[in-house]
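So you can see what is in the structure, the chains are spelled out below.
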Amino acid sequence: MTALHRMGVAELGRALASKEVSSVEVTKHLLARVADHEHLGAWLAVDAEHALAQANAADARRAAGETGPLLGVPLAHKDIFVTRELPTTAGSKMLANYRSPFDATVVTKLAAAGTVTLGKLNCDEFAMGSSNENSAWRAVRNPWDTTRVPGGSSGGSATAVAARLVPAATGTDTGGSIRQPASFSGVTGIKPTYGVCSRYGMIAFASSLDQAGPFARSAEDCALLLGAMSGFDERDSTSAERAPQDFHAAMLTPRDGATASQPLKGLRIGLPREFFPAALAADVNDAVRTALATLEQLGASLVDVSLPRTELSIPVYYIIAPAEASSNLSRFDGVRFGHRAKQYADLLDMYKKTRAEGFGPEVKRRIMIGTYVLSHGYYDAYYLQAQKLRRMIADDFQRCFSRCDVIAGPVAPTVAWKLGDKGDDPVASYLADIFTLPASLAGLPGMSLPAGFGEGGMPVGLQLIGNYFGEGTLLHAAHAFQQATDWHVRAPAGF
Ligand code: GLN
């Protein structure tokens, strides 16, 4: 039998169903691995006792005849999802020692499917960042090279899955925080269409962009997780009112005209020329081009398309996201949640000191940018202009989708950089988000799948972007690609 930590979600589900292994055994095995790999910095909280209680309950449900692909499968949550049983900090000192009185909907849904929560995973403070170095607690290391970042903001989720500490994890993606760390860490991740997963209990960064999604080692595992964590939620007013979807079935459904050797026959893949600029790192370009050639061999056809406002996505996102963040983060005032300054002269002084002490530098920068672009004199020039461009970016995608079914390109312009490399240059870090921001602004689904290796032996991800609610098409194409390649099963040396 494969070592327990090497098993993916689907494989583990089968081993649990055939009683080759119990959930308690897997849970104990992974908890020991988590303890042995503390140096990676991926975990902010681990609760062995609660995890074992959940595992026992899952084993009892199996013994009573219940089935389900996730029943007894361990996972962990990005520390941006509130949990009753475990602390939730959002990577911020502001929420040190915070305990939520309720669970996020995504957490509730995954628990109902029988998953076992091992703990909470490190992330950039309030999900703001691209390297996980903005966590108030500690940086996370990339298991492919521990001197490099895992990507962000869901860096703990990516590292935990890549290092085989857990078969799956949740994450959130506001401007790329599932796709980019998945790419940097050699795992698979999907951000569904805005509204597919409930935002209830997901600590808000930029509400019109935030979306939850899974990290796992394959598209198949992602399909199983997304099926369990998605669905309409009346507690989230932006939740999409749609019938529950079976993403796993969609992933397996053959396309019309498909053959055994050409499962993607008829699939038109659009390549936006702006996603392949001269400045794109050669190693990333090579890996992505090779992956595209594989997709062609599988029957897909490649068509040239254009997303002319790709570069503008950066200023548009870095106006809209901070604007929403400045409003969302006003609730952290020392009165209602979390940290409160110990000494202060009066109420205003209490607010000031609480926020000065509780927030880190990147969060403060975003609050200042956000309040600036929303202020009376600048609203029209910045915020309103950005909103108009956001609409045009979404329209550009619709023009592409009249000529293709899926859009493909790189996830990020380079492989994972060294810890500390972009530390004092926030703009350099913002610029690296160029290929993930457009789909976020348009609210489209996007995924990242391992597609080879580049400089320093670091993983390179292929990004696939679908039209609204086209997760099934994305997962189908990604699964076909993974049936034909083995990038996604490669593990970093020593893991
Ligand atoms: N890197 C982007 C930012 O810093 C995206 C973060 C995210 O998707 N949560 O805002």
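Here we summarise the structure given alongside this text.

What counts as what
- Residues numbered from 1 in each chain as written.
- Predicted model: local features only at pLDDT ≥ 70, side-chain atom pairs only at ≥ 80, totals over all residues.
- Heavy atoms only, no water.
- 1 Å grid on protein atoms, 1.4 Å probe; cavity = no way out; pocket = protein on both sides within 12 Å on 5 of 7 lines; lining within 4 Å.
- Points joined across faces, edges and corners; volume = space filled by probe spheres on them.
- Buried < 20%, exposed > 50% of the residue type's maximum accessible area, 1.4 Å probe, protein only.
- Helix = DSSP H or I, 4+ residues; strand = E, 2+ residues; numbered from the N terminus.
- Pairing = 2+ DSSP bridges.
- Right-handed = clockwise from strand over helix to strand, strands pointing away.
- Expected span 1.5 Å × (residues − 1).
- Arc of directions from axis to C-beta.
- Contact = heavy atoms within 4.5 Å.
- Salt bridge = Lys/Arg side-chain N within 4 Å of Asp/Glu carboxyl O.
- Near = heavy atom within 4 Å.
- Polar contact = N/O pair within 3.5 Å; in protein donor to acceptor, adjacent residues only side chain to side chain.
- Areas by Shrake-Rupley, 256 points an atom, 1.4 Å probe, with all protein chains shown as cover.
- Sits in = over half its atoms within 2 Å of the grid points.
- Nonpolar A, V, L, I, M, F, W, Y, C, P; charged D, E, K, R; others polar.

Attention shifts here to empty space enclosed by the protein. One pass over the full model with this rule turns up 3 cavities of 30 Å³ or more. If you add up the space inside the largest cavity, you get close to 90 Å³. Lining of the largest cavity is provided by 14 residues; of these, Gly129, Ser130, Ser177, Tyr317 and Asp433 occupy positions nearest its centre.

Before going further, it helps to examine the pairing of strand E2 (residues 74–78). In terms of burial, E2 is a largely internal element, 5 of the 5 residues being buried. As paired strands, E2 and strand E3 (residues 116–121) are joined by 4 bridges and run parallel to one another. In the strand pairing of E3, Pro74 is matched with Val116. This β-α-β element, E2 to helix H4 (residues 105–112) to E3, shows right-handed connectivity.

Right, let's get into helix H12 (residues 361–374). Along its 14 residues, H12 runs 20 Å from first to last C-alpha, staying within 8% of the 20 Å computed at 1.5 Å per residue. Residues Glu362, Val363, Arg366, Ile367, Gly370 and Val373 constitute the buried set of H12. When H12 is viewed along its axis, its buried side chains cluster within an angular range of 140° and face the same direction. Away from its buried face, by an angle of more than 90 degrees, H12 presents the exposed residues Pro361 and Met368. In this structure, the buried residues of H12 make contact with helix H10 (313–328), helix H11 (347–358), helix H13 (379–401) and helix H14 (426–431).

Let us look at the pattern of salt bridges. Under the criterion given, the structure shown has 18 salt bridges. Between Arg84 and Asp103 there is a salt bridge, with the nearest N and O atoms lying 3.9 Å from each other. Of the two residues, Arg84 sits in the loop between E2 and H4 while Asp103 sits in the loop between E2 and H4, which places them 19 residues apart along the sequence. Among the salt bridges present, the one from Arg235 reaches Asp233, with a minimum N-O distance of 3.9 Å. The exposure class of Asp233 is buried, given its relative accessible area of 6%. Several salt bridges converge on common partners, so that one network encompasses Asp145, Arg148, Lys418 and Glu455.

For the rest of this paragraph, the subject is the site of the ligand. Surveying the vicinity of the ligand reveals 15 residues, the closest of which are Ser130, Gly175, Ser177, Tyr317 and Arg366. Contact distances for the ligand include 2.8 Å between a nitrogen atom and a backbone N or O atom of Ala127. Here Gly129 contributes a backbone N or O atom positioned 2.9 Å from an oxygen atom of the ligand. Coverage of the ligand by the protein chains reaches 99% of its 290 Å² of free accessible surface. When each cavity is represented as a set of grid points, the ligand is found to reside in the largest cavity. Along the lines of polarity and charge, the residues of the shell around the ligand split into 5 nonpolar, 7 polar and 3 charged.

Keep in mind that these numbers describe shape and distance, not what the molecule does.
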